[in-house]
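Architecture and fold: a report
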Amino acid sequence: MRMLGVLGGMSWESTVTYYQLLNRGVRDRLGGLHSAPLLLHSVDFAPIAAQQKAGEWEAAGEVLAEAARGLEGAGATALLLATNTMHKVAAAIEQAVDIPLLHIGDAVGQALHGQGIERAALLGTRFTMQEAFYRERLGQRYGIDVLVPDAQAISEIDRVIFQELCVGQFLPDARAFYLDQLAQLRAQGAQAAILGCTEIGLLLEGCESPLPLVDSGERHVAMGLEWMLGGRS
């Protein structure tokens, strides 16, 4: 198996899920006592979140680029950035290392394309929903038309992520609100929904959704497993 580096902590709630799913995936494919060969750099999220809010993306990108260099130096052969929003600075990470960054947008785009989906709803932080870096990658590389909620709903979705989900609060009112937004986006023509924040899957786990769900974290983990195992089963 090839060593995989994980850039995590944004938030650690979803990084825990990455760690669990990567190890379960290796166990399920190889059996016995096999587990995932991983290197994890988990950042302090508070300064990163403050940089996001202040628009200091270059500074945030350098923090992650330095962490990526450390993982490469320790023996990682590829990287997973365990967050959707921080893929806004993916280029800074890619330029800092000589190993591949397995991009979460590609994991999602490949899944949607494989299912024949042409229009997809997107829920995530306001940065992921409103800025171009995520939507354009899906559109330009995979032909996916991305639908997002209205401005008021975007604000509430973002608030829930940072004030509730990132601190381990998964509340019924938030769950109901997210499901209502998915129903509205289905009425606008969405064929599936991208859970474009790695904590949203934890909120909606076990729910009956009005749209088929593509969990970005799960798809990203699957991409990481393919790298580590090279098709072994």
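Residues numbered from 1 in each chain as written. Predicted model: local features only at pLDDT ≥ 70, side-chain atom pairs only at ≥ 80, totals over all residues. Heavy atoms only, no water.

Keep this limit in mind: UniProt positions are given in the numbering used here, feature names are shortened, and annotations may be inferred rather than shown by experiment.
In the annotation of an unreviewed UniProt entry, the entry for the protein reads Aspartate/glutamate racemase family protein, and the organism field reads Metapseudomonas resinovorans. Taken verbatim from the UniProt record of the protein, the Sequence similarities (unreviewed entry) comment is "Belongs to the aspartate/glutamate racemases family."

**Structural notes on the overall build of the protein**
Where we set the bar: Every helix listed is a DSSP run of H or I at least four residues long, and every strand listed is a run of E at least two residues long, numbered separately from the N terminus. Taken over C-alpha atoms, the radius of gyration is set against a globule rule of 2.2 Å times the number of residues to the power 0.38. Per-residue accessibility, obtained with a 1.4 Å probe over protein chains only, is compared with the maximum for each type, and a residue is labelled buried under 20%, exposed over 50%, and partly exposed between these values. For accessible areas, the Shrake-Rupley method is used with a probe of radius 1.4 Å. Any residue's cover is judged against the shown protein chains and nothing else.
The helix and strand tally for the protein stands at eleven helices and seven strands. For 233 residues, the compact-globule formula gives about 17 Å, and the C-alpha radius of gyration of the protein, at 17 Å, lands near that figure. Evaluated residue by residue, the protein yields a buried proportion of 52% over its 233 residues. Carbon together with sulfur atoms contributes 48% to the accessible area of the protein, which is approximately 10,300 Å² in total.

**A few points about empty space enclosed by the protein**
To keep things clear, this is the line we draw: Here a cavity means grid points, on a 1 Å grid over the protein atoms only, where a 1.4 Å probe fits yet cannot get out; a pocket means an open set of points with protein on both sides within 12 Å along at least five of seven lines; lining residues are those with an atom within 4 Å of a point. Grid points are joined across faces, edges and corners, and a volume is the space filled by probe spheres set on the points. Polarity classes work like this: nonpolar for Ala, Val, Leu, Ile, Met, Phe, Trp, Tyr, Cys and Pro, charged for Asp, Glu, Lys and Arg, and polar for all others, with Gly in that last group.
Counted according to the given criterion, the structure contains two cavities of 30 Å³ or more. Of the voids in this model, the largest cavity is the one considered here, and its volume is about 100 Å³. Along the walls of the largest cavity sit 16 residues, with Met 10, Thr 83, Thr 85, Thr 125 and Cys 197 positioned nearest its centre. Listing elements by their share of the lining of the largest cavity, those giving two or more residues are α2 (45–54) and α8 (151–163). Residues belonging to the lining of the largest cavity are distributed by class as follows: six nonpolar, nine polar and one charged. Empty space within the second largest cavity amounts to approximately 50 Å³. Taken together, Val 6, Thr 15, Tyr 18, Tyr 19, Leu 22, Leu 38 and Leu 40 make up the full set of residues lining the second largest cavity. Here the lining of the second largest cavity is composed, by residue class, of six nonpolar, one polar and no charged.

**What about the layout of surface pockets?**
Taken as a whole, the largest pocket spans an internal volume of roughly 340 Å³. Along its surface, the largest pocket is lined by 18 residues, and Gly 201, Leu 202, Glu 205, Asp 215 and Glu 218 are the ones closest to its centre. Elements with a minimum of two residues in the lining of the largest pocket: α1 (12–30), α10 (200–203), β7 (213–215) and α11 (216–229). A class-by-class count of the residues in the lining of the largest pocket yields seven nonpolar, seven polar and four charged. Volume-wise, the second largest pocket comes out at about 210 Å³. Along its surface, the second largest pocket is lined by Ala 49, Gln 52, Lys 53, Arg 126, Phe 127, Ser 155, Asp 158, Arg 159, Phe 162 and Gln 163. Mapped onto the lining of the second largest pocket, the elements with two or more residues apiece are α2, α6 (126–130) and α8. For the lining of the second largest pocket, the element with the most residues is α8, which contributes five residues.

**Quick notes on the pattern of salt bridges**
Heads up, the condition is: By convention in these notes, a salt bridge is any Lys or Arg side-chain nitrogen within 4 Å of a carboxyl oxygen on Asp or Glu.
A full pass over the atoms with the stated rule returns eleven salt bridges. One salt bridge in this structure joins Glu 66 and Arg 69, with 2.8 Å as the shortest N-O distance. On the criterion of helical spacing, the pair formed by Glu 66 and Arg 69 is a turn pair, its members being three residues apart in helix α3 (residues 57–74). With relative accessibility at 31%, the residue Arg 69 sits in the partly exposed group. Where Arg 159 meets Glu 164, a salt bridge forms, and the shortest distance between an N and an O atom there is 3.1 Å. A relative accessible area of 28% means that Arg 159 is categorised as partly exposed. Because the salt bridges share partners, they merge into one network encompassing Glu 62, Glu 66 and Arg 69.

**A closer look at the pairing of strand β6 (residues 192–195)**
As a reminder of what qualifies: What makes two strands pair is DSSP finding at least two bridges between them.
In β6, alternate side chains face the same way, and those of Ala 192 and Ile 194 on one face and Ala 193 and Leu 195 on the other are all buried. The sheet contact formed by strand β4 (residues 119–123) and β6 spans four bridges and is parallel. Residue Leu 123 lies in a different strand from β6, and its bridge partner there is Leu 195.

**A look at the packing of α8 against helix α9 (residues 172–187)**
Filter applied, for reference: Structural elements are reduced to axes, namely lines fitted to C-alpha atoms, with helices fitted over the stretch in contact, and the angle between N-to-C directions of any two is expressed from 0 to 180 degrees. Each crossing is labelled by how the near helix is turned from the far one, with a counterclockwise turn of less than a right angle marking it left-handed and a clockwise turn marking it right-handed. Contacts are assigned to residue pairs that have any heavy atoms within 4.5 Å of one another.
At a closest axis distance of 11 Å, the pairing of α8 and α9 adopts a crossing angle of 145°. Between α8 and α9 the crossing geometry is left-handed. Where α8 approaches α9, its residues Ala 153, Glu 156, Ile 157, Val 160 and Ile 161 are matched on the opposing element by Ala 174, Phe 177, Tyr 178 and Gln 181. Here the contact of α8 with α9 is built from residues that sort into seven nonpolar, one polar and one charged.

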